[in-house]
Amino acid sequence: MNNIFMLPITFHLDKTEIMIYPTILKDDNELIMIDCGYPDSVPKLENAMHKIELSLNQLTKIIITHHDHDHMGALREIKQRYPAVEILCSKEEAPYITGQRKSLRLQQAEAIQDTLPESEKEYGKQFQNFLASVQKVDEVTVIKTGDILPFCGGIEVIDTKGHMPGHISLYIEKEKVLISGDALVVEGEKLCMAMPQYVLNMQDAQDSIRKLQNYDIEKIICYHGGLYKSDVKGSLKEIIESFK
Ligand SMILES: [Zn+2]
């Protein structure tokens, strides 16, 4: 993968260590990050960038696949440190990333709070507070699904709604690489859909995966699970068959 770099960073949730994979795309003029981690991720991102001999201060753009806390958590801090960075997202996600609308994940957490067993209510409340604390940014640039962004040899913006209504994935045709966001995850060694409890519209999520079959994909970078490259077409087919 020329000029595509994964930035594995870890995050601790209670006693489990979670690894996430923001991605860097690079050409002569642009250094683009896809999703940017949890609210405390900036030093970790900086470290991971140094390992590939790059630095956050070279970033020109950040593309956010959707407004979940683990994808946009560090956005405001990066923007404050490096104000020239342009933030791109879909039209549907924009009002959540700028804070004009309340996070859909927070709305979901609020809606299920009363249904939680007594032993989980405290955690539920903490999770809501955490989601509410994610800082928004003032300004974003809206990108249209179907467009091919003229960077890094062409980055196609694919509408992969379902996990969230404005969720996008990015396809780098030249490299046959898909950056899936949370449309797909790798669990163990297996390519799967993201956990159903986090999918806001299952029908849309399934249709989005069907749509990905139309692309010539050899490798997928999943935000959760990292690189997947064993028989992508067969694996997508298997997931789709499991819908029936
Ligand atoms: Zn998500």
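In what follows, the structure referred to is the one given above.
**Topic: the overall build of the protein chain**
Here's step 1: Across its full length, the protein chain holds eight helices and 16 strands.
Here's step 2: In terms of C-alpha radius of gyration, the protein chain reaches 17 Å, essentially the compact-globule figure of 18 Å for 244 residues.
Here's step 3: Along the three orthogonal principal directions, the C-alpha set of the protein chain runs to about 55 × 45 × 35 Å.
Here's step 4: Every one of the 244 residues in the protein chain was classed for burial, and the buried ones make up 39%.
Here's step 5: For the protein chain, long-range pairs separated by at least 24 residues make up 63% of all intrachain contacts whose partners lie at least 6 apart in sequence.

**Details of the nonpolar core**
Within soluble globular proteins, side chains that are nonpolar tend to cluster in buried spots.
Here's step 1: With 64 residues, the main nonpolar core has Ile62, Leu170, Ile220 and Cys222 as its most contacted residues.
Here's step 2: Those residues in contact with Ile220 that lie beyond four places of it in its chain are Leu178, Ser180, Leu184, Leu191, Tyr228 and Val232.

**A short note on the sheet that holds strand S7 (residues 86-90)**
Here's step 1: With mixed pairing, the six strands of this open sheet are ordered in space as S1-S4-S5-S6-S7-S8. Looking at the sheet topology across the chains shown, the edges are occupied by strand S1 (4-6) and strand S8 (141-143). Within the sheet, the average angular offset between the axes of one strand and its neighbour, ignoring direction, is 25 degrees.

**Notes on the environment of Val85**
Here's step 1: As for its placement among the helices and strands, Val85 is situated in the loop between helix H3 (75-81) and S7.
Here's step 2: Considered as a pair, Val85 and Ala132 are 47 residues apart in the sequence and their alpha carbons are 24 Å apart.
Here's step 3: The residues contacting Val85, other than those within four sequence positions of it, are Leu59, Thr60, Lys61, Ile62, Ile78 and Lys79.

**Looking at helix H7 (residues 202-212)**
Here's step 1: Restricting attention to buried positions, one finds in H7 the residues Ala205, Ser208, Ile209 and Leu212. With its buried residues spanning 95 degrees around the axis, H7 presents them on a single face. Exposed residues pointing more than 90 degrees away from the buried face of H7 are listed as Gln203 and Arg210.
Here's step 2: Close packing links the buried residues of H7 with strand S12 (177-181) and helix H8 (232-241).

Conventions we followed
Residues numbered from 1 in each chain as written. Predicted model: local features only at pLDDT ≥ 70, side-chain atom pairs only at ≥ 80, totals over all residues. Helix = DSSP H or I, 4+ residues; strand = E, 2+ residues; numbered from the N terminus. Rg over C-alpha atoms; globule rule 2.2 N^0.38 Å. Buried ≥ 20, exposed ≤ 12 C-beta atoms within 10 Å, placed from the backbone. Contact = placed C-beta atoms within 7 Å. Core = buried A, V, L, I, M, F, W, Y, C linked by C-beta atoms within 7 Å. Pairing = 2+ DSSP bridges. Axes fitted to C-alpha atoms, helices over the stretch in contact; angles between N-to-C directions. Arc of directions from axis to C-beta.

In short, the description is geometric, and any link to function would need to be established separately.
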